[in-house]
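# Commentary on secondary and tertiary structure
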Amino acid sequence: MLILDTFLIGLSSGAIYALMALALVLVWRSTRVVNFAQAGQAILSTYIGYEVMNRTHNYWVSVPFAIVAGAAIAAFVDAVLMRALEKRSHKGSVSEIAPVIATLGLLGLIRSLTGMIWGNAYLQYTSPASGKGYEISHHTIPFSPQNLIIVIGALVVMGVFAAVFKFTNLGLALRASSFQPEISRLAGIRVDRIRTIGWAFAGAAGAVAGALVTPTTYLSPNSLDLLLVSGFVAAVIGGLDSLIGAVLGGLILGVGFAFILQYIGTSVTFSAAFFILIIVLFLRPRGILGSKIGRRDA
Amino acid sequence: MRKSKSLSALIFFAIGLFLLGLSNFVDELRAYQGAQVGIYVIAISSIILLTGFSGQISLGHGALMAIGGYSAVLSYNHWHFPMLLAFTFGAAVAALAGFILGMAAARLSGPYLAGTTLALAVGLPSLANQFHILGGEQGLSFDIGEAPKWIADKTGGDFTQYKWFFWISVTCTLFTMWFIKNLLQSRFGRTWRAVRGNPSAAALSGINIGRSKVLAFTVSSALAGLAGALLAMILGLVAPMAFTLTLSFTLVTGAVLAGVSNLGGSIIGALVLVVIPEITDAVATHLGGSEKISANLPGLITSVLLILTVIFAPNGPQLHKRNKSGKAKTQ
Amino acid sequence: MSGLLVKNFSVSHGAIAAVKDLSFTVGKGELAAIIGSNGAGKTTLLRALSGLIPHQSGEASWNGNSLLGKKPEDLVRSGVVHVSEGKSVIPELNVKENLALGGIWRKDKKDVALATEEVCELFPRLRERLLQSADTLSGGERQMLAIGRALIARPELLLLDEPSLGLAPLIIEQIFDAINQLRHKLGLTVVLVEQNAMSALKIADIGVIINVGSLVTSGPSQELLADANLRAAYLGY
């Protein structure tokens with residue numbers, strides 16, 4: 001029973017990691033940048049959801065708003081910041097790290113802005129779905145209606161993404177331009193525009209993660225920082241450029257964390273992410289579903 | 001060569017004397033801030049050494065500072081190491097950690113290294129809660145005591161605690177700068193430059209790239225460890241809260257503002273980091289802004305500066321100029 | 001004027017001038033072979049004509065409309081299609097998806113289907129491998145796929161960069177045959193960049209020989225083939 005309980009905890013957190021990992025992988029595939037600002041973007045969209053809920057008093061109305069906001073923020077970041085960087089980028093050791101640094105700067109910027117607007121105090125963004133675990137034959141399992149919503153939400157996002165990527169022209173264009181931007185351009189695809197749409201998808205995934213997970217904790221300008229790290233580790237486990245890998249990586253990490261938490265102790269959780277990452281990188285540098293390109297030259 | 005070396009040592013010595021002398025004419029707050037600038041200079045230099053000269057990125061130097069800080073404090077409190085030895089010990093333990101991390105890092109390219117060091121920055125400080133000896137959330141106190149009597153007597157007048165911090169910080173900073181300057185002119189420095197400029201050519205000419213990267217990581221970590229020990233000194237304690245992710249990001253910001261491959265710029269970067277909160281505080285009080293504003297304004301300004309710098313002067317303001325004049329010469 | 005006009009065209013790679021003051025014209029429906037050794041600036045020329053890299057000075061126009069300062073994706077939409085060097089297919093996608101890419105932006109979906117059918121008739125081997133990953137194709141099949149994808153865009157001007165690169169002689173012959181067929185059937189104007197001078201000039205109407213970025217000579221391909229001096233110096237046989 002304990003093992004099953006632990007697994008259920010892992011399933012819910014793993015779904016959230018998977019969403020964050022999806023967001024990071026989508027951006028990485030098209031832009032070759034690990035978007036550290038994703039945590040900030042998701043925070044901002046969640047605050048927007050929070051505001052909508054304060055006005056409408058309806059969590060279910062606020063979530064779509066948060067998702068749209070997350071998509072719009074991401075598209076804006078790509079179209080304005082990333083494109084400005086690319087225009088001015090030139091060869092050299094600095095130009096390689098410039099985009100990463102820029103996303104860090106953006107993370108700081110969004111954190112400070114949200115802090116200025118909403119303060120650094122912990123806010124409650126509550127869902128009508130209960131946070132109390134279901135009761136099965138007098139045993140309360142650590143899986144609440146809100147956890148169920150998290151898992152369902154993540155599944156819906158993954159389903160929509162899979163359908164778009166596999167069966168639509170937009171999906172084909174998204175895949176083509178992230179694999180081979182130049183050839184796609186020569187095939188007549190407006191790669192810049194497509195990339196921005198890809199960022200919007202990523203932003204939406206991050207926003208779903210933020211809006212669904214926040215009711216189980218609290219909302220503050222840096223309440224999603226840990227999720228960023230977990231999402232990144234999940235993405236690396238999955239190979240950093242595989243969408244399916246991101247989902248699997250998220251679930252593996254979520255369940256792994258849950259077991260560590262259960263059997264080793266709460267205080268190691270933060271450092272566990274680091275050690276899991278190091279172990280994965282040493283054992284399987286390409287991740288479980290990574291492409292053939294080595295990490296050294298990627 | 002020998003002559004220029006002793007000359008540069010002399011110059012460093014002169015700057016040191018000047019700064020120490022200066023400490024007699026400033027108030028307590030400025031002395032404290034001076035000590036802070038010194039610590040930032042060391043920490044930023046450690047990043048510049050790593051990123052600018054060896055092409056690796058680290059978002060986890062805050063964690064390495066924590067390692068240095070905790071080691072120094074533990075050795076001072078428990079084993080009663082003398083202060084200088086405690087600082088050295090802190091740097092050495094951080095160097096060891098950096099060596100191990102560097103072994104992993106040499107196998108990783110940009111995004112993986114950035115993410116791994118990020119995970120370290122988030123994960124490591126929380127280990128403090130795991131081991132009783134590290135003091136949990138409250139951390140450990142660190143009191144280096146007042147300046148020895150002979151120094152206080154020599155300089156005359158009252159020798160305050162902050163002034164003593166300032167003296168130690170300045171001395172360590174100058175020593176570090178002198179050390180880095182010589183290191184960059186040595187064989188290792190030339191190797192790093194070669195590897196950064198053209199890794200394949202460097203490998204073909206017999207340079208062991210992996211080893212050169214690991215060495216850079218080790219030295220950089222030692223410096224970060226020293227900075228961490230100094231930070232613990234002026235804070236009077238080590239605690240997880242002192243080594244947050246924000247600290248790691250701040251250091252990267254400072255390095256970028258300094259111009260990532262310009263060591264002298266570290267002073268500018270450090271000054272900016274110390275001055276910005278000062279200015280924003282003044283602005284916020286003047287505007288009568290709420291606490292929300294004043295608490296977040298420094299972060300806002302540094303972030304905006306960081307973004308503008310990578311867009312408009314990715315090599316730092318100074319190197320940019322040098323590039324231009326360099327081009328003019330060759331034409 | 002109709003056709004491709006290139007006048008005093010220069011392109012530089014940093015400080016190095018890769019194409020210098022180049023002028024030539026290709027009439028509508030003609031096939032021009034641009035011949036030169038490795039590093040002669042042929043690829044750079046095509047990349048600048050299709051908007052992948054900026055040019056430095058000079059003019060280039062297709063049917064009187066300037067090609068310069070436009071994005072490659074916009075040029076494709078106006079009928080100027082570039083098949084870049086090295087079997088430009090997307091290995092992560094299957095053959096069908098690679099072909100679909102060529103018509104993804106077109107409104108006339110009926111014609112896209114028709115064009116795809118035509119490509120499959122021209123290169124039956126692609127039809128056999130529609131659901132196979134492009135990664136599994138041979139070099140010749142990849143080249144067919146790249147050209148096929150370009151055709152689905154219904155180009156008027158086709159810029160081909162070394163379609164023979166790395167292929168066996170028999171396959172080269174097949175590809176060149178297909179190119180020749182296409183232009184007679186569809187009235188395509190083709191600019192064919194080649195190191196393989198002999199095969200290219202055989203099917204070309206005109207030849208343009210360049211060396212280190214500059215024009216050596218241009219003229220009807222038969223005349224170039226007959227010129228003994230040229231043959232020895234630039235055509236290499």
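Residues numbered from 1 in each chain as written. Chains lettered and ligands numbered in written order. Predicted model: local features only at pLDDT ≥ 70, side-chain atom pairs only at ≥ 80, totals over all residues. Heavy atoms only, no water.

## Some thoughts on the overall build of chain A
The helix and strand inventory of chain A stands at 11 helices and 2 strands. What you see for chain A is a C-alpha radius of gyration of 19 Å, in line with the 19 Å of a compact globule of 298 residues. If one aligns the C-alpha atoms of chain A with their principal axes, the spans along those axes are about 65 × 50 × 35 Å. Looking at chain A as a whole, 60% of its 298 residues are labelled buried. Contacts in chain A between residues at least 24 apart in sequence constitute 75% of all its contacts with a sequence separation of at least 6. Of the accessible surface of chain A, which amounts to about 11,900 Å², a share of 68% is contributed by carbon and sulfur atoms. Of the side chains in chain A, 20 bear a positive and 11 a negative charge, and the two mean positions are spaced by 7 Å. (Helix = DSSP H or I, 4+ residues; strand = E, 2+ residues; numbered from the N terminus. Rg over C-alpha atoms; globule rule 2.2 N^0.38 Å. Buried < 20%, exposed > 50% of the residue type's maximum accessible area, 1.4 Å probe, protein only. Contact = heavy atoms within 4.5 Å. Areas by Shrake-Rupley, 256 points an atom, 1.4 Å probe, with all protein chains shown as cover. Lys, Arg positive; Asp, Glu negative; His and termini not counted. Charge placed at Lys NZ, Arg CZ, Asp CG, Glu CD.)

## Describing the environment of Ala-128 of chain B
Residue and element names in this part refer to chain B. Tracing the chain through its elements places Ala-128 in the loop between helix H5 (110-123) and strand S1 (140-141). Residues Ala-128 and Thr-280, spaced 152 residues apart in sequence, show a C-alpha to C-alpha distance of 32 Å. When residues no more than four places from it in sequence are discounted, the contact partners of Ala-128 are Tyr-70, Leu-134, Gly-135, Gly-136 and Pro-240.

## What to know about the side chain of Thr-103 of chain A
Residue and element names in this part refer to chain A. As for its placement among the helices and strands, Thr-103 is situated in helix H4 (residues 93-118). Judged by relative accessible area, Thr-103 falls into the buried class, the value being 0%. Polar contacts involving the side chain of Thr-103 include one to the main-chain amide nitrogen of Phe-36, which spans 3.4 Å. Residues within four places of Thr-103 in sequence aside, it is in contact with Val-33, Val-34, Asn-35, Phe-36, Ala-37 and Met-82. (Polar contact = N/O pair within 3.5 Å; in protein donor to acceptor, adjacent residues only side chain to side chain.)

## A look at the interface of chain A and chain B
Of the residues lining the interface, 51 residues belong to chain A; the matching set on chain B comes to 45 residues. Here chain A and chain B share an interface that buries about 4,200 Å² over both sides, 76% of which is from carbon and sulfur atoms. Taken together, the links from chain A to chain B amount to 0 salt bridges. Here chain A is connected to chain B by 6 residue pairs in polar contact (both at pLDDT 80 or more). Of the residues assigned to the side of chain A that touches chain B, the class counts are 35 nonpolar, 11 polar and 5 charged. (Buried area = accessible area lost by both parts, 1.4 Å probe. Salt bridge = Lys/Arg side-chain N within 4 Å of Asp/Glu carboxyl O. Nonpolar A, V, L, I, M, F, W, Y, C, P; charged D, E, K, R; others polar.)

## Let's talk about a nonpolar patch on the surface
All names here are of chain A. Taken together, Tyr-134, Ile-136, Leu-148, Ile-152, Val-156 and Val-160 make up a surface patch of nonpolar side chains, about 500 Å² in accessible area. The biggest single contributor to the nonpolar patch is helix H5 (residues 145-167), with 4 residues. With respect to the element layout, Val-160 can be found in helix H5. (Patch = residues over 30% accessible without salt bridge, like charges linked within 9 Å, V, L, I, M, F, W, Y side chains within 5 Å.)

## A word on the packing of helix H11 (residues 245-258) of chain B against helix H12 (residues 265-287) of chain B
All names here are of chain B. H12 packs onto H11 with a crossing angle of 130° between their chain directions and a minimal axis gap of 7 Å. Here H11 lies oblique to H12, going by the angle between them. H11 and H12 meet at a crossing whose hand is right-handed. Here Thr-250, Gly-254, Leu-257 and Ala-258 of H11 come into contact with H12, specifically with Gly-265, Ser-266, Gly-269, Val-272 and Leu-273. Its residues assigned to classes, the contact of H11 with H12 shows 4 nonpolar, 5 polar and no charged. (Axes fitted to C-alpha atoms, helices over the stretch in contact; angles between N-to-C directions. Parallel < 35°, antiparallel > 145°, perpendicular 65-115°, else oblique. Left-handed = near helix turned anticlockwise from the far one by under 90°.)

## A word on the pattern of salt bridges
Oppositely charged side chains can pair when the atoms bearing their charge come close. If you walk through the whole model with that rule in mind, you get 21 salt bridges over all chains. Glu-97 of chain C is the partner of Arg-175 of chain A in a salt bridge, and the nearest nitrogen-oxygen pair spans 2.9 Å. Of this pair, Arg-175 of chain A sits in helix H6 (residues 169-179) while Glu-97 of chain C sits in helix H3 (residues 95-103), which puts the two residues in different chains. Given a relative accessible area of 11%, Arg-175 of chain A falls into the buried group. Assessed through its relative accessible area of 13%, Glu-97 of chain C is described here as buried.

## Points about the confidence of the model for chain B
Caution is warranted with low-pLDDT regions, since their predicted coordinates should not be read in detail. Residues and elements named next belong to chain B. Averaged over all residues, the pLDDT of chain B equals 79, while 89% of them reach at least 70. Within chain B, no element has a lower average pLDDT than helix H14 (residues 316-330), which sits at 41, and none a higher one than helix H3 (residues 61-77), at 91. Considering only residues more than four positions removed or in separate chains, one finds that residues 318-331, a stretch of pLDDT under 50, has 10 contacts. Interface predicted TM-score (ipTM) for the complex: 0.89; the corresponding pTM is 0.85. (pLDDT = per-residue confidence, 0-100.)

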